[in-house]
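Chain residues, written in single-letter form:
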Amino acid sequence: MRVGTGYDVHRLSEGRKLILGGVEIPFEKGLLGHSDADVIVHAIMDSLLGAAALGDIGQHFPDTDPAWEGASSIAMLAQVGRILEEHNYMIENIDSTIIAQRPKLMPYLPQMRENVARALKLETDQVSIKATTEERLGFTGSGEGIAAQAVCCLIPLMDLVTDDIVMSGGGCGGCSGCAERI
């Protein structure tokens, strides 16, 4: 099992759409960034990449690359899912929190969970997205920005194969070590 954490923050700015978890939320300001600045999806991506020791979103989707300008973070998340598949990782679960004084996000959380789950080919019960305020403290409490944090659990597929071989009494055939562990 591998655990990863992610954190992201973006400044609120006029003239931008507010996109969180792939949902456009009606609000007078949006998040400033190179892509759609979806902080919760960015935090989730960093937690997944970190758990697999595969870098971070800045490495895979640099803000110096015009290809990612205005890009959908949900599409970027789907790409992270493909990267994990290529490296033989399975996502067990994701737990994440959006930190914002306003707007109220509860009505949008189910759709955010569905969007993240769909992008990663997961069941929605494998994805938790919550929202909280900071009681008007700090930059999120004053409405200057929105932050997000995430934690995830990955399972290397090789661990599942090894556990299955050991539990079934088989082995890789290379030595007697597997049979001796039973």
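The structure contained in this document is the topic of the report that follows.

**Overview of the pairing of strand β6 (residues 127-132)**
In terms of strand pairing, strand β5 (residues 89-99) meets β6 through six bridges, oriented parallel. Across the sheet, residue S96 finds its bridge partner in β6, namely I129. A crossover links β5 with its parallel partner β6, the connecting element being helix α4 (residues 109-120), and its sense is right-handed.

**Focus: the packing of aromatic side chains**
Here the distance between the centres and the angle between the planes together describe a pair of aromatic rings. Taken as a whole and assessed by the stated rule, the structure comprises one aromatic pair. Considering the side-chain rings of F61 and W68, the 4.7 Å spacing of their centres and the 90° angle between planes classify their relative orientation as edge-to-face. The exposure class assigned to W68 is partly exposed, which follows from its relative accessible area of 23%.

**A look at the environment of P110**
If you trace the backbone, P110 turns up in helix α4. Since its relative accessible area comes to 46%, P110 is described here as partly exposed. Taking C-alpha positions, P110 is 10.0 Å from V127, a pair spaced 17 residues apart along the chain.

**Concerning α4**
Helix length check: α4 (twelve residues) gives 17 Å between terminal C-alpha atoms against 16 Å at 1.5 Å per residue, within 8%. Buried within α4 we find L109, M112, N115, V116, A117, A119 and L120. Here the buried face of α4 lies against β2 (18-20), β3 (23-25), α1 (39-51), α3 (73-86), β5 and β6. K121 sits one or two residues past α4 and shows a positive phi near 60°.

**Considerations on the nonpolar core**
Core analysis: the largest hydrophobic core is formed by 48 residues, its most contacted members being L20, L48, L77 and V116. In terms of residue count, α1 provides more of this core than any other element does, nine residues in total. Beyond its immediate chain neighbours, meaning those up to four positions away, V116 contacts V41, I44, I74, L77, I94, V127 and I129.

**Regarding the pattern of salt bridges**
In total, this model carries four salt bridges according to the counting rule given. A salt bridge links E85 to K121, with the shortest nitrogen-to-oxygen separation between them at 3.6 Å. Highlighted residues: E85 in helix α3 and K121 in the loop between α4 and β6, separated in sequence by 36 residues. What makes K121 exposed here is its relative accessible area of 63%.

**Here we look at the sheet that holds β6**
Strand order in the open sheet formed by five strands is β4-β1-β7-β5-β6, with mixed pairing between adjacent strands. Either end of the sheet is taken by a strand with one partner, and the two such strands are β4 (30-31) and β6. On the sheet, α4 packs against β5 and β6 and is oriented at approximately 145° with respect to β6.

The rules behind these values
- Counting restarts for each chain: residues are numbered from 1 in the order of the written sequence.
- This being a predicted model, a pLDDT of at least 70 is required before a residue's local features are given, and a value of 80 or more before pairs of side-chain atoms are given or counted; all residues contribute to the totals for chains, interfaces and linings.
- Where side-chain values are given, they derive from all heavy atoms of the structure, hydrogens and water being excluded.
- Strand pairing is assigned whenever DSSP identifies at least 2 bridges connecting the two strands.
- Here a helix means four or more residues in a row that DSSP labels H or I, a strand means two or more in a row labelled E, and each is numbered from the N terminus.
- Look down the strands so they point away from you; if going from the first strand over the helix to the second traces a clockwise path, that crossover is right-handed.
- Here a pair means two rings of Phe, Tyr or Trp (six-membered ring of Trp) with centres within 6.5 Å. Their orientation is stacked below 30 degrees between planes, edge-to-face above 60, and tilted elsewhere.
- The buried label goes to any residue with under 20% of its type's maximum accessible area, the exposed label to any with over 50%, and the partly exposed label to all in between, with areas taken from a 1.4 Å probe on protein chains only.
- In this scheme, a helix's expected span is set at 1.5 Å multiplied by one less than its residue total.
- In what follows, a contact means two residues having at least one pair of non-hydrogen atoms within 4.5 Å.
- Within this scheme, the nonpolar core is defined by two criteria: the residues are buried Ala, Val, Leu, Ile, Met, Phe, Trp, Tyr or Cys, and they are joined through side-chain atoms within 4.5 Å.
- Salt bridges are defined as contacts in which a side-chain nitrogen from Lys or Arg sits within 4 Å of a carboxyl oxygen from Asp or Glu.
- Inter-axis angles, ranging from 0 to 180 degrees, are taken between N-to-C directions of lines fitted to C-alpha atoms, where helices are fitted over the stretch in contact.

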